[in-house]
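Coordinate analysis (summary)
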Amino acid sequence: MARPLRNLWRDRVRVRRRHRTWVQAMVLATLGWSVWWATFWWWTFAPDSAPALATARWVALPFGVLGLGATLWGFRAKSSWLLLLAVPLAANASLVCAPFVLDGVARALQGPR
């Protein structure tokens, strides 16, 4: 860059909103899936004191819904950004759909109680 223009150059040091939204969506998906995996871990190692499936469902569902909203809020028209947002979209959409899929798996893990 030419020396006279150096004073006019502005460094962009703040994180852009879209990146923050992506990180927020991924954190919410991680928290929601952590609830499910902690519940399954609890059923494996201490099945007598494990919480019910409905408890895990109602604790994880708000994380998935908020993460799905953050993902949809972060969409832009650039094709590279659409590809990048496919990851939190899939993670949060699968978290919202997890109770329907994992219901049979949870029953098999619980066994006859």
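What counts, and at which threshold
- Residues numbered from 1 in each chain as written.
- Predicted model: local features only at pLDDT ≥ 70, side-chain atom pairs only at ≥ 80, totals over all residues.
- Heavy atoms only, no water.
- Core = buried A, V, L, I, M, F, W, Y, C linked by side-chain atoms within 4.5 Å.
- Buried < 20%, exposed > 50% of the residue type's maximum accessible area, 1.4 Å probe, protein only.
- Helix = DSSP H or I, 4+ residues; strand = E, 2+ residues; numbered from the N terminus.
- Contact = heavy atoms within 4.5 Å.
- Patch = residues over 30% accessible without salt bridge, like charges linked within 9 Å, V, L, I, M, F, W, Y side chains within 5 Å.
- Areas by Shrake-Rupley, 256 points an atom, 1.4 Å probe, with all protein chains shown as cover.
- Salt bridge = Lys/Arg side-chain N within 4 Å of Asp/Glu carboxyl O.
- Phe/Tyr/Trp six-rings, centres within 6.5 Å; stacked < 30°, edge-to-face > 60°.

What follows covers the nonpolar core. Formed by Val35, Trp36, Phe40, Trp43, Ala50, Leu53, Ala56, Ala60, Leu95, Ala98 and Leu102, the largest nonpolar core amounts to 11 residues. Mapped onto this core, the elements with two or more residues apiece are helix H1 (17-45), helix H2 (53-73) and helix H3 (79-110). For this core, the element with the highest residue contribution is H1, accounting for 4 residues.

One can find Pro99 in helix H3. Pro99 gets classed as buried once you look at its relative accessible area, which sits at 10%. Along the chain, Pro99 and Trp36 lie 63 residues apart, while their C-alpha atoms are 9.5 Å from each other. Beyond its immediate chain neighbours, meaning those up to four positions away, Pro99 contacts Trp36 and Arg57.

With that settled, the discussion passes to a nonpolar patch on the surface. Together, Val23, Val27 and Leu31 make up an exposed nonpolar region whose accessible area comes to about 220 Å². Of note, Val27 is situated in helix H1. Residue classification places Val27 among the partly exposed positions, given a relative accessible area of 46%.

Moving on to the packing of aromatic side chains. Taken as a whole and assessed by the stated rule, the structure comprises 4 aromatic pairs. With centroids separated by 6.2 Å and ring planes inclined at 80 degrees, the aromatic side chains of Trp37 and Phe40 adopt a geometry described as edge-to-face. Residue Trp37 and its partner Phe40 are both found in helix H1; the two are separated by 3 residues, about one turn of the helix. Owing to a relative accessible area of 10%, Phe40 belongs among the buried residues under this scheme. When the centroid spacing of 5.2 Å and the interplanar angle of 50 degrees are considered together, the rings of Trp41 and Phe45 count as tilted. With a gap of 4 residues between them, Trp41 and Phe45 both fall in helix H1, about one helical turn apart. The same class applies to Trp41 and to Phe45, which are both exposed. Members of the aromatic cluster, each reached through a chain of ring pairs, are Trp36, Trp37, Phe40 and Trp43.

Moving on, we get to the side chain of Thr71. The residue Thr71 is located in helix H2 in this model. For Thr71, a relative accessible area of 0% gives the class buried. Residues in contact with Thr71, not counting those within four places in the same chain, are Ala25, Leu85, Pro88, Leu89 and Asn92.

Just geometry here; none of it tells us what the structure is for.
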